[in-house]
Amino acid sequence: MSSISTELAALYTRDLARLVRQLDALDDARLWQVLPGVTNSAGNLLLHLNGNLREFIGRQLGGVPYVRDRPREFSAKDVSRTAMQAELLELASLIPGVIERMSAARWDDLFPENVLGEPLTNRQFVVHLCGHLNYHLGQIDYLRRVLTGEGALTKRAT
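Reading guide: rules and limits
Residues numbered from 1 in each chain as written. Predicted model: local features only at pLDDT ≥ 70, side-chain atom pairs only at ≥ 80, totals over all residues. Heavy atoms only, no water. Axes fitted to C-alpha atoms, helices over the stretch in contact; angles between N-to-C directions. Helix = DSSP H or I, 4+ residues; strand = E, 2+ residues; numbered from the N terminus. Parallel < 35°, antiparallel > 145°, perpendicular 65-115°, else oblique. Left-handed = near helix turned anticlockwise from the far one by under 90°. Contact = heavy atoms within 4.5 Å. Nonpolar A, V, L, I, M, F, W, Y, C, P; charged D, E, K, R; others polar. Buried < 20%, exposed > 50% of the residue type's maximum accessible area, 1.4 Å probe, protein only. Salt bridge = Lys/Arg side-chain N within 4 Å of Asp/Glu carboxyl O.

Participant: What is the right way to look at the packing of helix α3 (residues 42–59) against helix α5 (residues 81–100) in this model?
Facilitator: To characterise two packed helices, one gives the angle between the axes of the helices and the distance between these axes. Interaxial distance between α3 and α5 falls to 10 Å at its minimum, and their mutual angle equals 30°. Taken together, the axes of α3 and α5 lie roughly parallel to each other. Regarding α3 and α5, the two cross each other, and that crossing is left-handed. Contacts between α3 and α5 involve Gly43, Leu46, Leu47, Leu49, Asn50, Leu53, Arg54, Ile57 and Gly58 from the former and Met84, Glu87, Leu88, Glu90, Leu91, Leu94, Ile95, Val98 and Ile99 from the latter. For the contact of α3 with α5, a count of residues per class yields 12 nonpolar, 3 polar and 3 charged.

See the structure below:
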């Protein structure tokens, strides 16, 4: 029988791997390209997800030191692919690990910060963040498809 920690860690592992594949599928120019009617580049959405998950899961639930610069997530255009890939690969290890180590009792505690205007349990907020990750992952995928003319990414061989 699996626990909520195991199940959520598995979902984050899957979706963070998808995020890394999106980065790998975009060249440097397209990574920062913004299309008419679109506010953010794929690169900025990747930076945003990195900052968001490091802050809310890594720091607030996992106690991992992190200082978030949210405005930079949306304004930076000069982050190297190598640096971004290293950050995302580290994130893909960090976040599922924090979630996997959450005790059953801790899921029912209130999340330390009232981010959405109403108190949520740790479980509710981590599920919310999974939805947030997938919302932006879908935006990144769609931007990549429009910018490259390519279709769905195939799963990496393991």
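After that view of the structure, there is still more to cover.
Participant: Quick question: what am I supposed to make of the environment of Asn40 here?
Facilitator: Take Asn40: it is sitting in the loop between α2 (28–31) and α3. The class of Asn40 is buried, set by a relative accessible area of 19%. Taking the C-alpha atoms as reference points, Asn40 and Asp28, 12 residues apart in sequence, are found 15 Å from one another. Those residues in contact with Asn40, other than ones at most four positions away along the chain, are Val34, Leu45, Phe74 and Leu143.

Participant: Any chance you could explain the environment of Val79 here in plain terms?
Facilitator: Position of Val79 relative to the elements: it lies in the loop between α4 (70–75) and α5. In the structure, Val79 is positioned 36 residues away from Gly43 in sequence and 8.4 Å away in space, judged by C-alpha atoms. Those residues in contact with Val79 that lie beyond four places of it in its chain are Trp32, Leu47, Arg72 and Met84.

Participant: Looking at this structure, how should I read the packing of helix α1 (residues 4–24) against α3?
Facilitator: Remark: α1 packs on α3, axes separated minimally by 11 Å, with the N-to-C direction vectors making an angle of 155°. Here α3 runs roughly antiparallel to α1, going by the angle between their axes. The handedness of the crossing between α1 and α3 comes out as left-handed. Taken together, the residues of α3 that come into contact with α1 (itself represented by Tyr12, Leu16, Leu19 and Leu23) are Leu46, Leu49, Leu53 and Ile57. When its residues are assigned to classes, the contact of α1 with α3 shows 8 nonpolar, no polar and no charged.

Participant: Could you clarify how one ought to interpret the pattern of salt bridges in this entry?
Facilitator: Opposite charge on two side chains allows them to pair when their charged atoms are near. Under the defined criterion, the tally for this structure stands at 11 salt bridges. The closest approach of N and O atoms between Arg14 and Asp15, which form a salt bridge, is 2.7 Å. The partner of Asp27 in a salt bridge is Arg30, with the nearest N and O atoms 3.3 Å apart. Given the relative accessible area of 36%, Asp27 is considered partly exposed. If you follow the salt bridges from partner to partner, you end up with Arg14, Asp15 and Arg18 in one network.

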